[in-house]
Amino acid sequence: ARAAPLAEERRAFSSKGYNITRIRYPWKVEMLHYSWNFLKQEMINHFQEQPQRDSTVHIRGEAWPRFTMKEELLEKGSLPALVGGWGPARRVVFNKAEMERIAFDEPDGHLSNLFKGRLFRIHVGKWIEECVVEDVSVHPVEQELYFVRFRRHVPGKITT
């Protein structure tokens, strides 16, 4: 049988107490400091040279009639929606066929990935809301929407 090692002994491959000291050479620090400005300017130039793309969807809606359940709206061919975040919650009704045409861009596909990534400019009467899709209630197999929840987009803030 093998004897247990003594507490004072240390194995040769042990890394306890082994610190790597990094030397900060002044020339290297200065080079990294100045190179970031060049790299940043290259990235800015690259993205400014790209063509401008706008995937904003302009869609007209109506105010959700009071004392109306979403099931009644769906039977009439309308799509109920809720606009929330950064202000008062507003209830909106859209044309269901028009919204489904935007949501399902492939004939046999499911909900489009672009649907949740697009900016929607919703026009209802005199007010206009800029929103992104936060949540969607959709049929698991058929291409059919039941409810959409939007979140207002505030310029300069990250919208998730």
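Since the model is a prediction, treat every value here as computed from it, not as a measurement.

Could you give me a rundown of the pairing of strand β4 (residues 90-95), with the residues and numbers involved?
Pairing of strand β2 (residues 62-63) with β4 involves 2 bridges; the strand directions are antiparallel. By the bridge assignment for β4, E62 is matched with V93. By the bridge criterion, 6 bridges tie strand β3 (residues 78-84) to β4 in an arrangement that is antiparallel. Residue pairing for β4: P80 is matched across the bridge by V93. Taking the residues that link successive antiparallel strands as the turn, the β3-β4 hairpin has 5 residues, and the phi of G85 there is positive, at about 80°.

Let's hear about helix α3 (residues 96-103): which residues, and what values?
Every buried residue belonging to α3 is among K96, M99, E100, I102 and A103, and all of these are buried. All buried residues of α3 lie within an arc of 160° about the axis, which places them on one face of the element.

Account for the pairing of strand β1 (residues 57-60), with residues named and values stated.
Residue alternation in β1 divides its side chains into a buried set, V57 and I59, and an unburied set, H58 and R60. Inspection of the sheet shows β1 paired to strand β5 (residues 120-124) by 4 bridges, in the parallel sense. Across the sheet, residue H58 finds its bridge partner in β5, namely R121.

Tell me about the side chain of E100, and please be specific about residues and values.
With respect to the secondary-structure elements, E100 resides in helix α3. The charged side chain of E100 is buried without a salt bridge, its nearest counter-charge being K96 at 4.1 Å. Excluding residues that lie within four positions of it along the chain, E100 makes contacts with Q143, E144 and L145.

Which residues make up unusual backbone geometry, and what values do they have?
Phi at F67 is positive, roughly 60°, even though this residue is not glycine. If you trace the backbone, F67 turns up in the loop between β2 and α2 (70-75). Residue F67 is classed as exposed on the basis of its relative accessible area of 74%. Positive phi, close to 55°, is recorded for W86, a residue that is not glycine. Turning to its location among the elements, W86 is positioned in the loop between β3 and β4.

Any chance you could break down the pattern of salt bridges for me, citing the residues and the numbers?
Inspection of every chain in the model, using the stated rule, returns 5 salt bridges. Between R121 and E130 there is a salt bridge, and its shortest N-O distance comes to 2.5 Å. We classify E130 as partly exposed; its relative accessible area is 26%. A salt bridge links E134 to R151; its shortest N-O distance comes to 3.7 Å. Of the two residues, E134 is situated in strand β6 (residues 127-138) and R151 in strand β7 (residues 145-152); the sequence distance between them amounts to 17 residues.

Cut-offs used in this document
- Along every chain, residues carry numbers that run from 1 in the direction the sequence is written.
- Reporting in this predicted model follows two pLDDT cut-offs: at least 70 for local features of residues, and 80 or more for side-chain atom pairs to be given and counted; totals over whole chains, interfaces and linings ignore these cut-offs and use all residues.
- Heavy atoms from the whole structure form the basis of all side-chain values; hydrogens and water molecules are not counted.
- Strands qualify as paired when DSSP identifies two bridges or more between them.
- A run of H or I in DSSP becomes a helix once it reaches four residues, and a run of E becomes a strand once it reaches two; helices and strands are each numbered from the N terminus.
- Any residue under 20% of the maximum accessible area for its type is buried, any over 50% is exposed, and the rest in between are partly exposed; the area is computed with a 1.4 Å probe on protein chains only.
- Throughout, the arc means the angular range of directions from the helix axis out to the C-beta atoms.
- By the counting scheme adopted, Arg and Lys are positive, Glu and Asp are negative, and His together with the chain ends is not counted.
- A pairing counts as a salt bridge when a side-chain nitrogen of Lys or Arg comes within 4 Å of a carboxyl oxygen of Asp or Glu.
- Should any heavy atoms of two residues lie within 4.5 Å, those residues are considered in contact.

Geometric descriptors of this kind do not, in isolation, establish any biological role.
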